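Summary of structural features
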Amino acid sequence: MPVSMTGYGRSETTEDKWSHVWEIRSVNSRFLDLKWRLPNSLRGYESRWEKVVRKYGSRGRVDLSLNLEVFSTELLGVSLNKLQAKAMMDQVWSMAEENNVDFTPDYNKLFNISALWRDASSEPDPALAQSITEGLKMALANWRDSRQAEGNDLVKDLEERFTLLKEYTETVKVKVPEILEAKRANLIERVTNSMETLGAEYIEDRMIQEVAILTDKLDVSEEITRLDAHLERIFEVLNSKKDAGKRLDFLLQETFREINTCGNKCQDSEVSRVVVEFKAELEKCREQVQNIE
């Protein structure tokens, strides 16, 4: 069944040395557009995690945010360059001795020297990275479930609307022969009256030709046939599993084209009313389809 592009997913993991929460929000978009909110130390994982996301969705604007807390100092990757600090103090001590000056190191100021601190967290701990990846998969599964639930509601709503469109199509289908017959009779009457008024000779072959031209202009049997085919195909796509959104969008464009042609050709007030109702309902369907993956 088709899934919605709008959804929300969340997962929370707490262990002895860390805690992390994934949140995923998505809205409709023509393509898969991922927006990451990650700690700087995990930016290198975006490309790897994108492959994971693509297993759960193919379209939509998706915001993925990670809130990470580390409880272990070992995992923070912060270290003091003790060798550099000692070398600096040795130089100061040496200068103090040369100048007979007592020197007592001020460690608080020493710790404020940013160059002495190193951040070794360019790559996170493998166990932490694996835990975060598993948390992402759980959030994505939760996100997929929410999108599937909304997708089921969308499909149910669309099936009701497309059933109504089929009823409108049947109304047009029944009305068209009546319109053709009335238009033919009206044409014959008008031409006959005009010829009698003018005293012109009645030519049956010419009349048959005019009636054929009129019938061809008003005949929408091909459009109705294609309209039926599009609506049947739409029901098939609604029950398919892949790329439903794009195919439905294309089918709705073709459906609009056929019903619009029917309205233009028939030149009947009742059919025009049905066509207007058809288009209005079709537009609602197009709005709904924009949310289907």
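Scroll up to find the structure this text is about.
Cut-offs applied
Residues numbered from 1 in each chain as written. Predicted model: local features only at pLDDT ≥ 70, side-chain atom pairs only at ≥ 80, totals over all residues. Heavy atoms only, no water. Helix = DSSP H or I, 4+ residues; strand = E, 2+ residues; numbered from the N terminus. Buried < 20%, exposed > 50% of the residue type's maximum accessible area, 1.4 Å probe, protein only. Contact = heavy atoms within 4.5 Å. Axes fitted to C-alpha atoms, helices over the stretch in contact; angles between N-to-C directions. Parallel < 35°, antiparallel > 145°, perpendicular 65-115°, else oblique. Left-handed = near helix turned anticlockwise from the far one by under 90°. Nonpolar A, V, L, I, M, F, W, Y, C, P; charged D, E, K, R; others polar. Pairing = 2+ DSSP bridges.

A few words on the side chain of Glu-293. Structurally, Glu-293 can be placed in the segment after helix H9 (269-289). Relative accessible area serves as the criterion here: at 15%, Glu-293 is assigned to the buried category. Residues in contact with Glu-293, not counting those within four places in the same chain, are Val-3, Met-5, Gly-57, Ser-58, Arg-59, Arg-147, Asp-243, Ala-244 and Gly-245.

Turning next to the packing of helix H7 (residues 221-238) against helix H8 (residues 244-266). In helix packing, the relevant descriptors are the interaxial angle and the interaxial distance, both defined with respect to the helix axes. At their nearest, the axes of H7 and H8 sit 9 Å apart, and the two run at 160° to each other. The angle between the axes of H7 and H8 places the two elements in the roughly antiparallel class. Where H7 crosses over H8, the two elements pack in a sense that is left-handed. Two secondary-structure elements touch here, H7 through Glu-223, Ile-224, Arg-226, Leu-227, His-230, Leu-231, Arg-233, Ile-234, Val-237 and Leu-238 and H8 through Ala-244, Arg-247, Leu-248, Leu-251, Leu-252, Glu-254, Thr-255, Glu-258, Ile-259, Thr-261, Cys-262 and Lys-265. Within the contact of H7 with H8, the residues separate by chemical class into 12 nonpolar, three polar and seven charged.

In this section: the pairing of strand E1 (residues 7-14). Burial along E1 is one-sided: Gly-7, Gly-9, Ser-11 and Thr-13 are buried, while Tyr-8, Arg-10, Glu-12 and Thr-14, pointing the other way, are not. Note: E1 against strand E2 (residues 18-27), eight bridges, orientation antiparallel. Bridging from a neighbouring strand, Gly-9 pairs with Ile-24 of E2. In sequence, E1 turns back onto E2 through a hairpin of three residues.

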